[in-house]
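Chain by chain, the residues:
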Amino acid sequence: LPLFMMMIKTKAIVLHAFKFGEGKLMVEMFTQDRGCVTFVVRASASAKGTMKKQYFQPFSLLEVEFDYRPKNDLQHLKNVGLAVPLSSIPFDAYKLSITLFLSELTLHVVHHEPINEPLFDYVFHSIEWLDSCNDNFANFHLVYMIHLLRFLGIYPNLDDYVSGCYFDMRNGYYVRTLPLHGQFLMIEDTALVATLARMDYANMHLFKLSRAERNRFCDIVLHYYALHLPKFPEIKSLAVLRDLF
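Residues numbered from 1 in each chain as written. Predicted model: local features only at pLDDT ≥ 70, side-chain atom pairs only at ≥ 80, totals over all residues. Heavy atoms only, no water.

S.K.: I keep staring at the state of the cysteines and nothing clicks. Help me out?
M.R.: What we call a disulfide is simply a covalent bond connecting the sulfur atoms of a pair of cysteines. What the rule picks out here adds up to zero disulfides. The structure places no disulfide on Cys218, whose sulfur is separated from the nearest cysteine sulfur, that of Cys133, by 18 Å. The buried category is assigned to Cys218, whose relative accessible area is 2%. (Disulfide = S-S within 2.5 Å. Buried < 20%, exposed > 50% of the residue type's maximum accessible area, 1.4 Å probe, protein only.)

S.K.: Please explain the sheet that holds strand E3 (residues 35-41) as it appears in this structure.
M.R.: The pairing of strands in a sheet comes from backbone hydrogen bonds and takes either a parallel or an antiparallel form. Strand order in this closed barrel of five strands is E1-E2-E3-E5-E4, and the pairing throughout is mixed. Between one strand axis and the next, the sheet turns through 50° on average, direction left out of account. Contacts between helix H1 (residues 93-110) and the sheet are confined to strand E1 (6-19), strand E2 (25-31) and E3, with E1 contributing the most and set at about 125° to the helix. Across the face of the sheet, helix H2 (residues 117-132) comes into contact with E1, E2, strand E4 (61-68) and strand E5 (74-84) while running at roughly 60° to E1. (Pairing = 2+ DSSP bridges. Helix = DSSP H or I, 4+ residues; strand = E, 2+ residues; numbered from the N terminus. Axes fitted to C-alpha atoms, helices over the stretch in contact; angles between N-to-C directions. Contact = heavy atoms within 4.5 Å.)

S.K.: How do you make sense of the sheet that holds strand E6 (residues 166-168) when you look at a structure like this?
M.R.: Read across the open sheet, the three strands follow the order E7-E6-E8; overall the sheet is antiparallel. Strands with a single pairing partner mark the edges of an open sheet, and in this sheet they are strand E7 (173-175) and strand E8 (184-185). Bridge count for E6 against E7 is three bridges, and the pairing is antiparallel. Residue pairing across strands places Phe167 opposite Tyr174, the latter belonging to E7.

S.K.: Looking at this structure, I do not really get helix H5 (residues 211-228). What am I missing?
M.R.: Structural remark: α-helix, 3.6 residues per turn; residues separated by three or four positions point the same way. Between its terminal C-alpha atoms H5 stretches 26 Å, which fits the 26 Å expected from 18 residues at 1.5 Å a residue. Regarding H5, the residues found buried are Arg214, Asn215, Phe217, Cys218, Ile220, Val221, Leu222, Tyr224 and Tyr225. On its buried face, H5 sits against H1, helix H3 (140-148), E6, E8, helix H4 (187-196) and helix H6 (238-244). (Expected span 1.5 Å × (residues − 1).)

S.K.: How do you make sense of the environment of Tyr55 when you look at a structure like this?
M.R.: Among the secondary structure elements, Tyr55 is positioned in the loop between E3 and E4. For Tyr55, a relative accessible area of 13% corresponds to the buried category. Once the C-alpha coordinates of Tyr55 and Val80 are considered, the two residues, 25 residues apart in sequence, prove to be 8.3 Å apart. The residues contacting Tyr55, other than those within four sequence positions of it, are Val14, Thr50, Ser60, Leu62, Val80, Gly81 and Leu82.

S.K.: Would you mind going over the pairing of E3 with me for this structure?
M.R.: Residues in a regular strand project their side chains so that they alternate between the two faces of the sheet. For E3, a buried count of six out of seven residues is recorded, marking the element as mostly surrounded by other parts of the structure. Bridge count between E2 and E3: seven bridges; the pairing is antiparallel. Residue pairing across strands places Glu28 opposite Thr38, the latter belonging to E3. Hairpin connection between E2 and E3: a loop of three residues separates the two successive antiparallel strands. Of the strand pairs in this sheet, E3 and E5 are connected by three bridges, and their pairing is parallel.

S.K.: Would you take a moment to explain the packing of H1 against H2 for this structure?
M.R.: In a packed pair of helices, the relevant descriptors are the angle between the two axes and the axis-to-axis distance. For the pair H1 and H2, interaxial distance at closest approach is 12 Å and the crossing angle is 175°. In this view, H1 runs roughly antiparallel relative to H2, as classed from their interaxial angle. For the pair formed by H1 and H2, the contact residues are Lys95, Ile98, Thr99, Thr106 and Val110 on the first element and Leu119, Val123, Leu130 and Asp131 on the second. For the contact of H1 with H2, the class distribution of residues is five nonpolar, two polar and two charged. (Parallel < 35°, antiparallel > 145°, perpendicular 65-115°, else oblique. Nonpolar A, V, L, I, M, F, W, Y, C, P; charged D, E, K, R; others polar.)

See below:
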């Protein structure tokens, strides 16, 4: 191989795909070995095609092989297959809406990340968890969002909660007095954050939340992302999730 090209075989997570010209897809993937990579794919709708369209749904877990050309913005796949076939997500409207929202969030978060294997593993195993979960997964996206912050180095200090305090969104910790800047949560929202920060995938079914509480917490966490990550956009697929959960 030329010096400017190397063969890469790696696991990859599909984050976004859209039509690109005649019979082609532009696919943005989060790869284990190269971080975020954009591919041009000639996808086939037929069962015999090697680049099947269904491979490129959001949060598909793939094994990909490609000639990596560092100077090129777009890469070309040589081989693609399923790393883990998903048994429930593609057939469950609720899980699909969650993956649509979280893949969009993840795309914006990892786009400028260097190669980050712990982050990749977290996303990969989270998808496997959701796929294997039979019920009680309404809080899944909340757990995913809050724990994702750990891998980005912006996880707030949520250990020192006392009743009646405020949460300083800008600095990421609880305070007893109102901050002078406007980026803080009032007492009721701070209590909600303190409670829900204790959730993980194993215990999330124990937290019985109303739709209003779930949506409020989601808004708070998204606002925290927007404060701490540059150019963090509005997540378009959030509206669907609000109606379902």
